[in-house]
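The primary structure of each chain is shown beneath.
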Amino acid sequence: MNRLDFNLLLDLDALLREGSVVGAARVLHLSAPAMSRRLTRLREAIGDPLFVPAGRGLVPTQRALALRERVRAAIEEVRGVFTPDAVDFSRLERTLTLHTNDGFAGAWATRLACAMAAEAPGVSLHFIPRADKSREALRNGAIDLDIGVVKSAEAEIYSEPLFRAAFVGVVRENHPLLSQRTGEAVSAQDFVAWPHISTLPRGSAAGHLDAALKALGLRRRVAIVAPGFQAALAMAATSDFVAAMPMPFVRWAMAHQRLQVFKLPFDMPAVEVLQSWHTRHHADPVHLWLRGHVRAICGMDGEKMPVV
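Residues numbered from 1 in each chain as written. Predicted model: local features only at pLDDT ≥ 70, side-chain atom pairs only at ≥ 80, totals over all residues. Heavy atoms only, no water.

K.L.:
How should I be thinking about the packing of aromatic side chains in this particular structure?
P.N.:
A ring pair, where both rings are aromatic, is described by two values, the distance of the centres and the angle of the planes. Counting across every chain of the model gives 7 aromatic pairs. Consider the rings of Tyr 158 and Trp 277, whose centres lie 6.0 Å apart with planes at 10°: the pair is stacked. Taken as a pair, Tyr 158 in strand E6 (residues 157–165) and Trp 277 in strand E12 (residues 271–278) lie far apart in primary sequence, 119 residues in all. Since its relative accessible area comes to 5%, Trp 277 is described here as buried. For the pair Phe 191 and Phe 266, a centre-to-centre distance of 5.5 Å together with 70° between the ring planes defines the contact as edge-to-face. Of this pair, Phe 191 sits in helix H8 (residues 188–192) while Phe 266 is found in the loop between strand E11 (259–262) and E12, placing the two residues 75 residues apart along the sequence. This pair shows no difference in class: Phe 191 is buried, exactly as Phe 266 is. Three or more aromatic residues joined by ring pairs form one cluster here, namely Phe 104, Trp 108 and Phe 163. Taking the ring centre of Trp 277 as reference, the NZ or CZ of Arg 291 above it sits at 4.0 Å. (Phe/Tyr/Trp six-rings, centres within 6.5 Å; stacked < 30°, edge-to-face > 60°. Helix = DSSP H or I, 4+ residues; strand = E, 2+ residues; numbered from the N terminus. Buried < 20%, exposed > 50% of the residue type's maximum accessible area, 1.4 Å probe, protein only. Lys NZ or Arg CZ within 6 Å of the ring centre and 35° of its normal.)

K.L.:
Any chance you could explain the packing of helix H5 (residues 102–117) against helix H10 (residues 229–237) here in plain terms?
P.N.:
Helix-helix packing: each pair is described by the crossing angle between the helix axes and the interaxial distance. The contact between H5 and H10 brings their axes to 6 Å, and the two run at 80°. Viewed along their axes, H5 and H10 adopt a mutual orientation that is roughly perpendicular. Between H5 and H10, the residues in contact are Asp 102, Gly 103 and Gly 106 and Phe 229, Gln 230 and Ala 231, respectively. Here the contact of H5 with H10 is composed, by residue class, of 2 nonpolar, 3 polar and 1 charged. (Axes fitted to C-alpha atoms, helices over the stretch in contact; angles between N-to-C directions. Parallel < 35°, antiparallel > 145°, perpendicular 65-115°, else oblique. Contact = heavy atoms within 4.5 Å. Nonpolar A, V, L, I, M, F, W, Y, C, P; charged D, E, K, R; others polar.)

K.L.:
Please explain the pattern of salt bridges as it appears in this structure.
P.N.:
Think of it this way: side chains of opposite charge can pair up when their charged atoms draw near. Throughout the structure, instances matching the rule amount to 13 salt bridges. Here Arg 38 makes a salt bridge to Asp 11, at a shortest N to O gap of 3.0 Å. Residue Arg 38 is located in helix H3 (residues 32–46), and its partner Asp 11 is located in helix H1 (residues 7–18); the two are separated by 27 residues in the primary sequence. Overall, the relative accessible area of 2% leaves Asp 11 in the buried class. Overlapping salt bridges, with partners in common, bring together Asp 13, Arg 17 and Arg 72 in one network. (Salt bridge = Lys/Arg side-chain N within 4 Å of Asp/Glu carboxyl O.)

K.L.:
Which parts of the structure should I look at to understand the environment of Gly 148?
P.N.:
You can see Gly 148 is positioned in strand E5 (residues 145–149). Residues Gly 148 and His 196 lie 48 residues apart in sequence; the distance between their C-alpha atoms is 23 Å.

K.L.:
Where do I start with the nonpolar core in this structure?
P.N.:
Among soluble globular proteins, nonpolar side chains are generally buried collectively. Core analysis: the largest hydrophobic core is formed by 59 residues, its most contacted members being Phe 191 and Val 294. Setting aside its immediate chain neighbours within four residues, Phe 191 contacts Leu 177, Val 186, His 196, Leu 209, Leu 213, Val 242, Phe 262, Leu 264, Pro 265 and Phe 266. Counting residues in each nonpolar core, the second largest holds 17 residues, with Leu 8, Leu 16, Leu 50 and Leu 67 among its members. (Core = buried A, V, L, I, M, F, W, Y, C linked by side-chain atoms within 4.5 Å.)

K.L.:
Help me understand the sheet that holds E12 in this model?
P.N.:
Strands pair in a sheet through their backbones, by hydrogen bonds, and they do so in one of two ways: parallel or antiparallel. An order of E4-E3-E5-E12-E6 is seen for the 5 strands of this open sheet, with the pairing classed as mixed. Looking along the sheet, the strands with just one partner apiece sit at the ends: strand E4 (123–129) and E6. Between one strand axis and the next, the sheet turns through 20° on average, direction left out of account. Examined bridge by bridge, E6 and E12 share 8 bridges and lie antiparallel to one another. In the strand pairing of E12, Phe 163 is matched with Val 273. The sheet strands contacting H5 are strand E3 (94–100), E4, E5 and E6, and the helix crosses E4 at an angle near 175°. (Pairing = 2+ DSSP bridges.)

K.L.:
How should the environment of Asn 174 be read in this particular structure?
P.N.:
As for its placement among the helices and strands, Asn 174 is situated in the loop between strand E7 (167–172) and helix H7 (176–179). Judged by its relative accessible area of 59%, Asn 174 falls in the exposed class. Excluding residues within four positions of it along the chain, Asn 174 makes contact with Ser 179 and Gln 260.

Interpretation in functional terms is not warranted from these geometric data alone.
The following block contains the structure:
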């Protein structure tokens, strides 16, 4: 057979199940003459009569009987190609790699891991630093998911918003910046009077902050450039240095460190944090499950993206 017609498998299966041309025609929604023509094609393809007269009906030949289970298995195998595999998460063993900054990992990694472990104890999460915004790691399969701020859409990459994060000022408890101004808002002049900790010397967030101060004729002094958000928060908690941080990361840190927050004395746009993945993972059941858990722990609710 140089030209395979897999519909012949369905024809033979129906004939074997029904034991007659009329019955097979009914199951396949064909006329009896059309089914007879298909039986002729089957006989030619296989080189066997397959069904022979016996009284007023037909009975399968030994060759047809020998093919019964193989035909059924072949049909199931072909159907499986077009049907997503069911995933038994309780038995799943897989490492999922997420590209994030340390602020996201500190705020949500353990909650994400615990929620997923309840369904799939064999799944491990590998968080690696988001050193840049390149999507090459998604394209080459080095990571499963990228979480962070995205400037523009890219071919082959899907993105979904998780939340919007407003920036707040952060200082240690009982910092003079706040204790000396009970009931009063922090002014821009007070904000720049103290040395600062920065985590993004070239990033858009740092740029927006410095641009807002420049518009007021002010400039802050960055005394420390921290390697990440968690380090910056730890430094702020144990010094008189001031930081400006996304509120979700600070909220997590305040449960473990003595910190206070205050409203920034100038307008600074919130940042939109997204999760992004390559098209190869778009329909993967495990990846869909991962993205659903990330979405859940970040507080997405339908179309709402709360400013936190």
